[in-house]
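Here are the chains, one letter per residue:
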Amino acid sequence: MDLLGVGLVLLSTFLGQVVGMTYYAPQLLGNLTCRLKAKRKPEELQTAIVWSFVTGFFEAALIYHVLQIIGTVSTLQHVFLGAVYLTLLHALIEAPHYGFEKRSVQLIFIHMGYHLLHLFVVIFVQVYGRYWS
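These remarks concern the structure in this document.

Definitions and limits used
- Residues numbered from 1 in each chain as written.
- Predicted model: local features only at pLDDT ≥ 70, side-chain atom pairs only at ≥ 80, totals over all residues.
- Heavy atoms only, no water.
- Helix = DSSP H or I, 4+ residues; strand = E, 2+ residues; numbered from the N terminus.
- Contact = heavy atoms within 4.5 Å.
- Buried < 20%, exposed > 50% of the residue type's maximum accessible area, 1.4 Å probe, protein only.
- Patch = residues over 30% accessible without salt bridge, like charges linked within 9 Å, V, L, I, M, F, W, Y side chains within 5 Å.
- Areas by Shrake-Rupley, 256 points an atom, 1.4 Å probe, with all protein chains shown as cover.
- Salt bridge = Lys/Arg side-chain N within 4 Å of Asp/Glu carboxyl O.
- Axes fitted to C-alpha atoms, helices over the stretch in contact; angles between N-to-C directions.
- Parallel < 35°, antiparallel > 145°, perpendicular 65-115°, else oblique.
- Left-handed = near helix turned anticlockwise from the far one by under 90°.
- Nonpolar A, V, L, I, M, F, W, Y, C, P; charged D, E, K, R; others polar.

### Some thoughts on the side chain of histidine 115
Phase 1: As for its placement among the helices and strands, histidine 115 is situated in helix α5 (residues 105–132).
Phase 2: Ignoring sequence-local partners within four residues, the contact set of histidine 115 consists of Thr87 and His90.

Have a look at this one:
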């Protein structure tokens, strides 16, 4: 990965975290998410930021490498479809866990909404970041 790639991964990781902190803020969906999970208070969720950033970095790096391999993502439609497909794949992988763990079905929709926005931002930055440089 070249220096620009590292920068794009870091930038997309940071912006993905901003999307998450905004999406799950108590004023938006944070309080509802906590009530549905019934495990944590919104104040306690702040301790997960470091772990979220670390996993977000590896996710962004993996997406960067996948984009380098396929190399055909060039339009906003491709970016959006990439985010949709990855979100649907994630939803299909996660859905059985919701049933076995007796989690609220509403949670899967809340989380998938976040993943769609997050992945769109990460892919967008990485695809169009090369053009901006």
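### A closer look at the environment of leucine 32
Phase 1: Relative to the helices and strands, leucine 32 resides in helix α2 (residues 26–37).
Phase 2: A relative accessible area of 28% means that leucine 32 is categorised as partly exposed.
Phase 3: C-alpha separation for the pair leucine 32 and isoleucine 110, spaced 78 residues apart in sequence, amounts to 9.2 Å.

### Focus on a nonpolar patch on the surface
Phase 1: Where nonpolar side chains cluster on the molecular surface, the patch consists of Met1, Leu3, Val6, Leu10, Leu11, Phe14, Val18, Met21, Ile49 and Phe53 and spans about 890 Å² of accessible area.
Phase 2: Broken down by secondary-structure element, the contributors of at least two residues to the nonpolar patch are α1 (3–23) and α3 (49–70).
Phase 3: Of all the elements, α1 adds the most residues to the nonpolar patch, at seven residues.
Phase 4: With respect to the helices and strands, isoleucine 49 occurs in helix α3.
Phase 5: Classification of isoleucine 49 by relative accessible area gives partly exposed; the value is 31%.

### Brief notes about the packing of α3 against α5
Phase 1: Taken N-terminus to C-terminus, the directions of α3 and α5 make an angle of 50°; their axes are 10 Å apart at the nearest point. One way to sum up the angle between α3 and α5 is to call them oblique. Seen from above, α3 lies across α5 with right-handed handedness. For the pair α3 and α5, the contacting residues are Glu59, Ala60, Ile63, Tyr64, Leu67 and Gln68 in the first and His118, Leu119, Val122, Ile123, Gln126, Val127 and Arg130 in the second.
Phase 2: Classifying every residue of the contact of α3 with α5 by side-chain character gives eight nonpolar, three polar and two charged.

Distances and angles like these do not, on their own, reveal function.
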